[in-house]
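# Inside the fold
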Amino acid sequence: MAAPVNVDQEDEIVRLSGIVKRFGGAQALSGASLAVKRGTVHGLVGQNGAGKSTLIKLLAGLHQADEGQIEIDGIAYGALTPPQVEHLGIHFIHQDRLLVPTFTVGEALFLGREPRIAGTPFLDRKLMRQKSAEILDRYFGLRLPNSALIGDLTAAEKQIVQITRALLDGPKVLVFDEPTAALVRREAELLFGLIRRLRDEGITIHYISHYLSEIVDLCDTVTVLRNGRDVATLPVVGTSAKDIGTLMVNRDIAELYPKPQVSLGEPLLQLDRLALADRYADVSLTLHKGEVLGLTGLLGSGAKELVRTLFGLESPTAGTVTIHGETVLCPNPAAATAKRLALVPEDRRRDGVALDLSVTENITLASLDRFSRAGLLDRAVEKRQASALIERLQIKTDSADALVRTLSGGNQQKVAIAKWLSRQSEIYLLDEPSVGVDIAAKVEIYTLIGELAERGAGVIVLSSDIEELLGITDRVLVFFRGKISRDFISAETRPEQILAEVTGANETLRHAG
Amino acid sequence: MLVDTSYPPPSLDGFNSPAHAAEGTPKPVHGRSLAAVALRQGSLAVFIGVLVYFSFAAPFFLSIGNIGNVLGQSAIAGVLAIGLTVVIIAGGSNVVTGGIDLSLAANMGLSAAVYASLVQAGYGDGLAVAGALGTGLLIGAVNAAAITLAGIVPLLATLAVMNIVAGLELVLTQNTVVPAATDFLSALSAAGPFGIPVLAFVLLGFTALAAGVVQYTPLGLRLYAVGEFPEAARAAGLRVKLFITGAFLASGLCGGFAGILSVSYLSGSTTGAGDMLLPVVVTALLGSVFSRRLLPTIGGTLLATLFVSFLINGFQLLNISSTLVSGVQGLLILLVVSATTLLQRKGNQ
């Protein structure tokens with residue numbers, strides 16, 4: 001591991017030192033420091049609860065520190081307000097893109113500082129149009145039709161518009177808060193190119209992310225937060241994602257992927273030349289009892305659509321699905337559930353759990369018929385079942401009656417899985433099960449997947465995190481342009497082999513290798 | 001994600017690669033834009049179709065005199081609907097949690113009563129105008145305070161204020177007609193150039209003024225931002241509550257102004273102002289189907305006002321029972337709200 005960096009004081013554009021922040025009784029930050037050097041990309045990582053977002057909110061002027069000092073450009077400030085921070089040239093690119101969906105690109109870019117037709121109180125729409133087209137083209141080579149509304153743009157394009165908004169003010173520092181959360185990998189790569197270019201133009205970048213690989217890929221320096229303190233600031237050259245990960249958690253990264261040895265049982269699910277219109281074709285596979293099967297592929301490769309088909313959200317146009325040796329048709333999710341299939345969707349906050357129902361209600365939601373007598377719910381049985389699952393999955397919640405909204409992302413995901421456990425499902429379809437949760441929760445989810453397999457269920461995991469897939473599955477199937485392009489034995493495969501297959505093999509392998 | 005391998009080197013060239021060009025060109029979400037276009041074109045087609053039908057069925061329908069009359073008769077509803085449109089823009093077009101001002105019709109009634117009472121009491125038109133506008137503004141201020149300070153949703157806040165205002169009107173007028181006749185009032189209700197009522201010109205002028213501010217100034221753009229996506233407006237440094245307050249003050253002022261027009265039109269203040277509420281809400285909601293982005297606009301509201309008025313006028317010319325009018329208006333609300341709600345839901349997917 002590399003030695004801590006000695007930053008030349010004069011070259012620091014942002015310096016937070018000895019920051020202490022308490023919320024009620026909880027200590028969010030206990031003496032955290034952060035020094036960002038001018039003209040660099042500086043990463044900030046830490047598990048959920050490490051104090052990342054508190055630190056950033058302090059810098060944004062949204063919270064005030066109890067102790068400690070903030071220096072910007074060498075000048076110390078006691079308390080900052082958001083307009084003051086902006087005035088000092090520090091701009092924030094938020095995770096959710098704060099742009100009005102019904103506005104044109106020009107309107108969104110200039111909102112709050114609209115140009116007027118000289119001598120009138122009226123908007124100069126023509127100028128807004130021309131200038132925004134020019135700026136987007138010059139900075140990003142992005143050409144959008146004049147009539148394009150924000151709501152029509154892709155997540156990546158929206159992000160570009162938001163960055164451009166910040167650039168119009170001539171910022172000194174851009175703070176990116178989890179910018180890739182909603183981007184597919186390809187879009188994320190474009191964003192990284194952009195960030196590097198902004199740095200080369202002299203803008204200091206502060207980059208906060210869950211994804212260690214991004215930090216290693218992109219940053220010059222990284223600060224690791226743990227339990228409200230900065231535990232290390234390292235140059236990224238000579239540091240690996242594993243080193244950083246080890247600093248973030250108090251456990252060895254090797255324990256990240258607990259994979260029990262399970263001997264495979266009889267075939268549970270068989271697909272024979274399944275096809276869906278122009279999405280995928282000729283998909284044949286077998287899932288055994290006790291097997292964890294990984295699927296991966298780029299957006300549009302067909303992997304996601306296959307999972308949707310299995311759960312009855314799409315109707316296949318050819319081929320057969322066999323469960324327990326019996327050919328079945330699942331025209332809708334209800335039919336799929338009856339065949340003891342379970343889907344844990346990617347967007348758990350929208351599709352996976354009911355945020356405003358309690359943990360108990362969520363867990364029993366998919367199997368209310370098992371808890372009903374004569375049409376009435378048997379609350380006692382419901383409660384017993386829920387408590388058992390809460391304990392078994394170690395769902396961290398104040399009580400079984402707490403709203404799911406109040407749980408952390410990882411625990412919400414566990415509730416989403418518990419819902420199907422209580423239904424005694426046999427085939428689990430997990431779509432990006434660990435996205436957006438911290439490392440500790442990831443490990444717990446992986447452990448849970450292992451347990452499902454041990455109990456004789458078949459699990460299909462769809463994920464774009466290749467290392468995760470190799471760590472927790474028996475086999476990985478790579479989808480490319482609607483076909484299974486290759487079948488890997490997880491234990492014998494290195495991530496770069498899968499990456500090459502996912503991205504269309506050899507021409508990309510040159511870069512990735 | 002703990003992938004140890006590096007990504008393929010990102011480069012800006014990627015933006016121009018064919019693959020991106022395909023996914024980068026904003027593909028309008030098809031279901032939505034097609035349906036939106038269909039709704040807008042369809043509404044225009046229905047509007048024109050209705051006009052054409054009436055002009056064949058009742059030859060008098062498309063005469064300058066009749067059109068002028070319809071415009072004049074629409075003035076009061078039009079001014080109120082424009083006030084409501086401003087509130088819907090600033091509060092967002094969600095029918096339940098968004099901007100709405102149910103107190104507008106009652107506001108008009110009370111403002112008219114204030115005007116007529118002041119004239120009755122022997123005060124001049126100047127003071128009466130100030131009284132009516134002041135009444136409207138005050139009602140707007142109460143709405144704004146209930147919504148921005150107390151945090152009550154506009155639907156409930158303005159419902160409560162509507163009842164208070166209607167009650168005050170009863171107290172003031174003892175539920176009777178208060179006649180008022182002054183030179184100013186008669187000038188306002190007289191016929192102007194080409195035999196078209198002055199009120200018609202008032203409506204057009206007021207619409208032009210409101211459209212100028214709302215559609216063509218930075219203030220208007222910001223109003224839309226505040227209503228459509230308050231977080232984005234806040235991030236752009238706008239003070240959201242200030243805009244909402246301003247919108248309710250503007251709508252209150254519209255209520256007061258409509259009160260003056262109604263005193264002139266009816267030669268006094270009469271009871272039953274509350275009956276205006278339904279047509280005004282129909283009009284303001286209907287207006288958004290005439291805009292490209294399916295947003296409420298001042299121009300769209302004018303078109304909707306005329307549509308509703310022509311419909312009523314046509315019914316009268318064809319001797320169709322006027323009791324049907326209210327039903328037709330209710331039907332229009334259902335159609336428009338369900339169409340725009342469905343489209344919004346699609347857009348959010």
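## A short note on the overall build of chain B
When you go through chain B residue by residue, the secondary structure sums to 14 helices and two strands. The buried share among the 349 residues of chain B stands at 52%. Contacts spanning at least 24 positions in sequence make up 77% of the contacts within chain B whose residues lie at least 6 apart. Carbon and sulfur atoms make up 70% of the accessible area of chain B, which totals about 15000 Å².

## Some words on a nonpolar patch on the surface
Residue and element names in this part refer to chain A. Together, Leu357, Leu365, Leu368 and Leu377 make up a nonpolar patch on the protein surface, roughly 270 Å² of accessible area in all. Considering the arrangement of structural elements, one finds Leu365 in the loop between helix H12 (359–364) and strand E17 (372–373). On the accessibility criterion, Leu365 (38% relative accessible area) is partly exposed.

## Examining the packing of helix H8 (residues 198–216) of chain B against helix H13 (residues 298–317) of chain B
Residue and element names in this part refer to chain B. One can describe the packing of H8 onto H13 by two numbers: an axis separation of 8 Å at closest approach and a directional angle of 150 degrees. Looking at the two axes, H8 sits roughly antiparallel to H13. Note on element contacts: H13 touches H8 through Ile298, Gly299 and Leu302, opposite Leu203, Leu204, Thr207, Ala210, Ala211, Val214 and Gln215. Of the residues contributing to the contact of H8 with H13, the split by class is seven nonpolar, three polar and no charged.

## Here we look at the pattern of salt bridges
All names here are of chain A. In total, this model carries 25 salt bridges over all chains according to the counting rule given. Its salt-bridge partner being Asp73, residue Arg38 comes within 3.0 Å of it at the nearest N-O pair. Residue Arg38 is found in the loop between strand E2 (26–37) and strand E3 (41–45), and its partner Asp73 is found in the loop between strand E4 (67–72) and strand E5 (75–77); the two are separated by 35 residues along the sequence. Taking the relative accessible area as the measure of exposure, Arg38 reaches 35% and is therefore partly exposed. Judged by its relative accessible area of 32%, Asp73 is partly exposed.

## Regarding unusual backbone geometry
Residue and element names in this part refer to chain A. Unlike most non-glycine residues, Arg273 shows phi in positive territory, near 45 degrees. Structurally, Arg273 can be placed in strand E11 (residues 267–276). Overall, the relative accessible area of 51% leaves Arg273 in the exposed class. You will see that Arg481, though not glycine, has its phi angle at about 45 degrees, which is positive. Here Arg481 shows up in the loop between strand E21 (475–480) and strand E22 (483–489). We classify Arg481 as exposed; its relative accessible area is 70%.

## A look at the packing of aromatic side chains
One pass over the full model with this rule turns up eight aromatic pairs over all chains. Here A:Phe311 and A:Trp420 contribute two aromatic rings whose centre-to-centre distance is 5.9 Å and whose plane-to-plane angle is 85 degrees, an arrangement assigned as edge-to-face. Here A:Trp420 lies in helix H14 (residues 409–421) and A:Phe311 lies in the loop between helix H9 (303–310) and strand E14 (318–323), a separation of 109 residues in the sequence. Assigned by exposure class, A:Phe311 and A:Trp420 land together as buried. Plain terms: the ring middles of B:Phe47 and B:Phe307 are 5.2 Å apart, the flat faces sit at 80 degrees to each other, and that makes the pair edge-to-face.

## Quick word on the sheet that holds E22(A)
All names here are of chain A. Strand order in the open sheet formed by six strands is E16-E19-E20-E13-E21-E22, and the pairing between neighbours is mixed. Because the sheet does not close on itself, it has two edges, and the strands there are strand E16 (341–344) and E22. Direction aside, the axes of adjacent strands within the sheet are offset by 20 degrees on average. Sheet topology places strand E13 (residues 292–297) next to E21; five bridges connect them, and they run parallel. Directly across from Leu295, in E21, lies its bridge partner Leu477. Across the face of the sheet, helix H17 (residues 495–502) comes into contact with E13, E21 and E22 while running at roughly 25 degrees to E21.

## Concerning H17(A)
Of all eight residues in H17(A), six are buried, a share of seventy percent or more. Taken together, the buried positions of H17(A) are A:Pro495, A:Ile498, A:Leu499, A:Ala500, A:Glu501 and A:Val502.

## Here's the deal with the side chain of B:Ser291
Residue and element names in this part refer to chain B. On the secondary structure map, Ser291 appears in the loop between helix H12 (277–287) and H13. According to the relative accessible area criterion, Ser291 is buried, its value standing at 8%. Each residue touching Ser291, except ones within four places of it in the same chain, is listed here: Arg40 and Thr297.

## Quick word on the confidence of the model for chain B
Residues and elements named next belong to chain B. Summing up the model confidence of chain B, the mean pLDDT is 83 and the portion of residues at 70 or higher is 88%. Confidence drops under a pLDDT of 50 for residues 1–31, and excluding neighbours within four residues, the segment shows 81 contacts in the predicted structure. Confidence estimates for the predicted assembly give a pTM of 0.68 and an ipTM of 0.77.

## A closer look at the packing of helix H4 (residues 104–120) of chain B against helix H11 (residues 240–266) of chain B
Residues and elements named next belong to chain B. Where H4 meets H11, the axes come as close as 7 Å, and the angle between the chain directions of the two elements is 55 degrees. Classified by the angle their axes make, H4 and H11 are oblique. Judged by the twist between their axes, the crossing of H4 over H11 is right-handed. Counted together, Leu104, Asn107, Met108, Ser111, Ala112 and Tyr115 of H4 and Ser251, Gly252, Gly255, Gly256, Ala258, Gly259, Ile260, Ser262 and Val263 of H11 form the full contact between these two elements. Within the contact of H4 with H11, the residues separate by chemical class into seven nonpolar, eight polar and no charged.

## Describing the environment of A:Lys158
Residue and element names in this part refer to chain A. Within the secondary structure layout, Lys158 lies in helix H5 (residues 155–167). Each C-alpha atom of the pair Lys158 and Leu98 lies 9.0 Å from the other, and the pair is 60 residues apart in sequence. Lys158 has contacts with Arg97, Leu99, Ile150 and Leu153, leaving out every residue within four places of it along the chain.

## A word on the environment of B:Gly167
Within the secondary structure layout, B:Gly167 lies in helix H6 (residues 154–173). When the C-alpha positions of B:Gly167 and B:Leu110 are compared, they lie 9.1 Å apart, and in sequence the two are 57 residues distant.

## Looking at the sheet that holds E11(A)
All names here are of chain A. Taken together, four strands build an open sheet; the order of strands is E12-E11-E14-E15 and the sheet is antiparallel. Here the strands that pair on one side only, and so sit at the sheet edges, are strand E12 (280–288) and strand E15 (326–328). For this sheet, the mean inter-axis angle between neighbouring strands, taken without regard to orientation, is 20 degrees. Examined bridge by bridge, E11 and E14 share five bridges and lie antiparallel to one another. Among the inter-strand pairings, Gln270 is bridged to a residue of E14, identified as Thr322. Its contacts with the sheet place H9 against E11 and E12, and it is angled at close to 120 degrees to E11.

What counts, and at which threshold
- Residues numbered from 1 in each chain as written.
- Chains lettered and ligands numbered in written order.
- Predicted model: local features only at pLDDT ≥ 70, side-chain atom pairs only at ≥ 80, totals over all residues.
- Heavy atoms only, no water.
- Helix = DSSP H or I, 4+ residues; strand = E, 2+ residues; numbered from the N terminus.
- Buried < 20%, exposed > 50% of the residue type's maximum accessible area, 1.4 Å probe, protein only.
- Contact = heavy atoms within 4.5 Å.
- Areas by Shrake-Rupley, 256 points an atom, 1.4 Å probe, with all protein chains shown as cover.
- Patch = residues over 30% accessible without salt bridge, like charges linked within 9 Å, V, L, I, M, F, W, Y side chains within 5 Å.
- Salt bridge = Lys/Arg side-chain N within 4 Å of Asp/Glu carboxyl O.
- Axes fitted to C-alpha atoms, helices over the stretch in contact; angles between N-to-C directions.
- Parallel < 35°, antiparallel > 145°, perpendicular 65-115°, else oblique.
- Nonpolar A, V, L, I, M, F, W, Y, C, P; charged D, E, K, R; others polar.
- Phe/Tyr/Trp six-rings, centres within 6.5 Å; stacked < 30°, edge-to-face > 60°.
- Pairing = 2+ DSSP bridges.
- pLDDT = per-residue confidence, 0-100.
- Left-handed = near helix turned anticlockwise from the far one by under 90°.

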